[in-house]
Amino acid sequence: MADQFRNEKLEALKNSLNAVKEKKQTAKPKSGLHYGRIIAFFVFLIVAYFSFVSLIDNTEKNFLNRTAQYEANFKNFAQTYIEIAKNGNAKGSSNILITDPTKTKPLICYAKPDKDGRTIARIHYNMPENRKPQKTDEANPVVVMTIKQERTYTSLGKFKTKFPIYDIYIDYIDSKKNIIFKHEVIKGDPTDEESSQNRIAPGTIPIINAQTAIAKSLIYTPSFAWHSSY
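Predicted, not measured: the structure shown is a model, and the values here were computed from it.

> Outline the layout of surface pockets, supporting the account with residue identities and numerical values.
There is about 160 Å³ of room inside the largest pocket. Lining the largest pocket are 13 residues, with Ala85, Lys86, Thr146, Lys148 and Asp171 sitting closest to its centre. Elements with a minimum of two residues in the lining of the largest pocket: helix H1 (2–87), strand E2 (142–154) and strand E3 (162–174). Here the lining of the largest pocket is composed, by residue class, of 5 nonpolar, 3 polar and 5 charged.

This is the structure we're talking about:
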């Protein structure tokens, strides 16, 4: 009886060990498949990331190529009015009818070229196509945006950090009279109480605010694209 009992226990233990062994053998392929899926997922993320970066890079290059001739046509012309805005002393009244957008074809430019060395502001290309001058004698008014680092903002809290504050000066110039007939300032101060609902992050350039101001002055609806390459 003792031998039979011992044999039964041994047989039960043997069966248990075989069951565990079988479970491990069947679990191995599942584990391999699981890790394979994780690796494939990360490979997909890497490919998707580089594809996205490549798409952005190609879009940027296409934009620069597409607008290169326009930039070349107006770069020297714009420089004259950039100098007028820089001096800031040729102010006066103008007969430009901003109230009638069909009579104005503005040219919007940067006082200092952007990182791509371009003078014509990217927000210029957000304007309706029929408002863009195709020849220099059509460009009126000329809008010059001057981006200046005016002040420094120091953050609050334990780790105080200093950030530059950029303001944008906008000069509207009558190209026929060579006078500045309107001047606006877009403040980049993140502590400005007047803009508490739309505070600007310290250290950033409030180019979208400038576009909105220009669009309001020139009467057109701005589209969201290529605000700045600063």
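Now that the structure is up, let's keep going.
> Now, about a nonpolar patch on the surface: what can you tell me, with residues and values included?
On the surface, Tyr35, Ile38, Phe41, Phe42, Phe44 and Leu45 cluster together into a nonpolar patch covering about 640 Å² of accessible area. One can find Phe44 in helix H1.

> Kindly report on the nonpolar core, identifying the contributing residues and their values.
Core analysis: the biggest nonpolar cluster contains 20 residues, and Ile108, Met145, Ile170 and Ile214 have the highest contact counts within it. Residue assignment for this core shows that the elements contributing at least two residues are strand E1 (107–110), E2, E3 and helix H2 (207–218). Of the residues forming this core, the biggest block, 6 residues, is contributed by H2. With sequence-adjacent residues up to four places away left out, Ile214 is seen in contact with Ile108, Ile123, Val143, Met145, Ile170, Tyr172 and Tyr220. Judged by nonpolar contacts, the second largest core, of 19 residues, contains Phe63, Ala78, Tyr81 and Ala85.

> I'd like to hear about the packing of aromatic side chains, residue by residue, with values.
Summed over all chains, the structure comprises 6 aromatic pairs. When the centroid spacing of 6.4 Å and the interplanar angle of 50 degrees are considered together, the rings of Tyr172 and Phe181 count as tilted. Residue class for Tyr172 comes out buried when judged on its relative accessible area of 1%. Three or more aromatic residues joined by ring pairs make a cluster, and in this case those are Tyr70, Phe74, Phe77, Tyr81 and Tyr125. The ring of Tyr172 carries the charged tip of Lys182 above its face, separated from the ring centre by 5.4 Å.

Conventions used here
The numbering scheme is per chain: residues are counted from 1 as the chain's sequence reads. Residues qualify for local features only when their pLDDT is at least 70, as the model is predicted, and side-chain atom pairs are given and counted only at 80 or more; totals for whole chains, interfaces and linings, by contrast, use all residues. Based on all heavy atoms of the structure, the side-chain values leave hydrogens and waters out of the count. Lining residues are those with an atom within 4 Å of a point, where the points come from a 1 Å grid over the protein atoms alone and group into cavities, where a 1.4 Å probe fits but cannot get out, or pockets, open sets with protein on both sides within 12 Å along at least five of seven lines. Grid points are joined across faces, edges and corners, and a volume is the space filled by probe spheres set on the points. Numbering of helices and strands runs from the N terminus, with a helix taken as a DSSP run of H or I at least four residues long and a strand as a DSSP run of E at least two residues long. Throughout this entry, Asp, Glu, Lys and Arg are counted as charged residues, while Ala, Val, Leu, Ile, Met, Phe, Trp, Tyr, Cys and Pro are counted as nonpolar. The remaining residues, Gly among them, count as polar. Surface patches are defined over residues having more than 30% relative accessible area and no salt bridge, joining like charges when they lie within 9 Å and nonpolar side chains (Val, Leu, Ile, Met, Phe, Trp, Tyr) when within 5 Å. Here, Shrake-Rupley sampling with a 1.4 Å probe gives the accessible areas, and only protein chains in the shown set may cover a residue. Salt bridges are defined by distance alone: a side-chain nitrogen of Lys or Arg within 4 Å of a carboxyl oxygen of Asp or Glu. Throughout, nonpolar core names a set of buried Ala, Val, Leu, Ile, Met, Phe, Trp, Tyr and Cys residues whose side chains join them through atoms within 4.5 Å. In this scheme, a residue with accessible area under 20% of its type's maximum is buried, one over 50% is exposed, and one in between is partly exposed, where area comes from a 1.4 Å probe on protein chains only. Any two residues whose heavy atoms approach within 4.5 Å at even a single point are treated as in contact. Pairing of aromatic rings covers Phe, Tyr and the six-membered ring of Trp, with a centre-to-centre limit of 6.5 Å; geometry is then stacked below 30 degrees between planes, edge-to-face above 60, and tilted otherwise. Only when the NZ of Lys or the CZ of Arg is both within 6 Å of the ring centre and within 35 degrees of the ring normal is a charge said to sit over the ring.

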